[in-house]
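Results of the structural survey
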Amino acid sequence: MDQDANRRMKIDFVVAFLAIAVLAAVFYAIDLFDLLYRTTRAHEDWELDELIIVILALPAPLGWLAYRLSRLSVAVMERRLAAERELAHARKIESLGLLAGGMAHEINNQLVPVLGMAEMLLNATPADNAQRRKLELIVQGAERVRDAVAKVLKFARRDGGPSETCGVTSVFDNIEDMLRISCPSQIVLTIERVQAAGRVNISADDLESIVINLFGNAVQAMEGRHGELRIVATQVKGGADGRGRDLPANRFVRLVVSDTGPGIPAGVLDRIFEPFFTTKEAGGGTGLGLAHIKAVVEAAGGRIDVETEVGAGTTMIVHIPMLQGAA
Amino acid sequence: MARILLIDDELLVLESIKFMLEDCGHAVDTARHGAQALYEMTTKPYDLVISDVVMPELDGLQFLREARRKYPDARFLVISGGGRRSVDDYLDEASAIGADAVLSKPFKMDELMTAVAAALA
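Everything in this summary refers to the structure shown in the same document. (Residues numbered from 1 in each chain as written. Chains lettered and ligands numbered in written order. Predicted model: local features only at pLDDT ≥ 70, side-chain atom pairs only at ≥ 80, totals over all residues. Heavy atoms only, no water.)

Below, the discussion takes up the overall build of chain B. Secondary structure summary: chain B contains five helices and five strands in total. Helices and strands appear in chain B in the N-to-C order β-α-β-α-β-α-β-α-β-α. Long-range contacts, defined here as pairs at least 24 residues apart, represent 65% of the contacts in chain B between residues at least 6 apart. In the form shown here, chain B has an accessible surface area of approximately 5200 Å², with 50% of it arising from carbon and sulfur atoms. (Helix = DSSP H or I, 4+ residues; strand = E, 2+ residues; numbered from the N terminus. Contact = heavy atoms within 4.5 Å. Areas by Shrake-Rupley, 256 points an atom, 1.4 Å probe, with all protein chains shown as cover.)

Structural data, given as structure tokens:
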């Protein structure tokens, strides 16, 4: 990054030097000294006319050079600040992941007596005993906590297991009906996935949860109002257009989920991928959905972007790498 | 009925799993960490050793390596509730270094008995 800035600075110096030389030559050619001599009350003993001309020619290119250098240093500083912010964010996510892992370990351990002993008591309680239902509730509650913790641990996972793959078409076949049924009637749902026939580098469960999560967020964003929700899956090549320009030149499946909801305000936009950050009311969401999607997509070598405009809607764009040689 | 050595640093967990195993008719001894378990194994033979992973002194994976080397014919069931790494990571590594069966915490009685049977099979 800084090498690029150095290269640009060298180019600016060369351009400034050439500009000075060209201007000096032009001034000399048009005999600027004579022009000034005739049109001003210049001293008669001016002899160093070439030098004067060069001095007259200096302010413009030097001013331009100063302007360029200041722009360049501001850009370098901004890039450093952005890199520092990104690093701080990554450290925060990392420590949250560790915290989640530690908490999950503690909860899993303490659930052993809860689940195990409640079940033992349940087995020892006669079928006609009214206390059985209470023990069943303890077992069911402990099982729910176990499932919730498994989700958190999955998020805390950093190095993952062997990578799985899935077919985009079969995933959509599985969930398309469910999405259509669960979409509120005031929202017009459009699903387009004609070109996305290939296999991608994540598991079917993860791809399903990405689509369902983004769909759920969009529906909640348009809560109680009429609107349009579009889910489009296409194949693209990294670098093919503006949206994929930072991606390597591999083939990707691009999943775009857009809504016509209220959009995401700037203060919220910076935080939507943070674990445990949610704008939903208590009980409405854990704040892990988008953080999990981002972790899964990036672990697979893809990325997630968001385009939003307050009052107009939000578009989530997910790029997931396709398997090499996949159709 | 099997003679089982159960290793876990959490007393609540240790006692609970002991109850569950005894309820199914097994004879259970306990140890709080791997080093203690290695000592216990020198005192009498066990049909099965059930070990947690994250423990002080000698953790479950180090214990398994050591015990597998000393007792090639012993049977091991490794249990884990995760930690700095995910449950699957710990259990995959345990399988790779010689656990006969693995089980994630928490578990129900039938899941524990299935895992015990698999480790003894």
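The next subject is the packing of aromatic side chains. By the definition in use, this model includes one aromatic pair over all chains. Geometrically, the ring pair formed by Phe 63 of chain B and Phe 76 of chain B is edge-to-face, given 6.1 Å between the ring centres and 75 degrees between the ring planes. A residue pair is termed long-range when its members are at least 10 positions apart, and Phe 63 of chain B in helix α3 (residues 60–70) and Phe 76 of chain B in strand β4 (residues 76–80) qualify at 13 residues. Accessibility assignment for this pair places Phe 63 of chain B and Phe 76 of chain B in one class, buried. Taking the ring centre of Phe 273 of chain A as reference, the NZ or CZ of Lys 294 of chain A above it sits at 5.3 Å. (Phe/Tyr/Trp six-rings, centres within 6.5 Å; stacked < 30°, edge-to-face > 60°. Buried < 20%, exposed > 50% of the residue type's maximum accessible area, 1.4 Å probe, protein only. Lys NZ or Arg CZ within 6 Å of the ring centre and 35° of its normal.)

A few words now on a nonpolar patch on the surface. All names here are of chain A. A surface patch of nonpolar side chains, amounting to about 360 Å² of accessible area, comprises Ile 11, Val 15, Trp 64 and Tyr 67. Secondary structure elements with two or more residues in the nonpolar patch: α1 (2–29) and α4 (59–124). Along the chain, Ile 11 falls in helix α1. The class for Ile 11 is partly exposed, based on a relative accessible area of 41%. (Patch = residues over 30% accessible without salt bridge, like charges linked within 9 Å, V, L, I, M, F, W, Y side chains within 5 Å. Salt bridge = Lys/Arg side-chain N within 4 Å of Asp/Glu carboxyl O.)

Here we take up the nonpolar core. What tends to happen in soluble globular proteins is that the nonpolar side chains get buried as a cluster. Residue and element names in this part refer to chain A. Counting residues in each nonpolar core, the largest one holds 39 residues, and the members touching the most others are Val 200, Leu 207, Ile 210, Leu 214, Leu 229, Ile 231 and Leu 255. Those elements giving two or more residues to this core turn out to be α6 (168–182), β2 (187–192), α7 (204–221), β4 (227–237), β5 (251–259), α9 (289–299) and β7 (313–321). Ranked by residue count, the leading element in this core is α7, at seven residues. Each residue touching Ile 210, except ones within four places of it in the same chain, is listed here: Ile 202, Leu 255, Ile 293, Val 296, Val 297 and Val 318. (Core = buried A, V, L, I, M, F, W, Y, C linked by side-chain atoms within 4.5 Å.)

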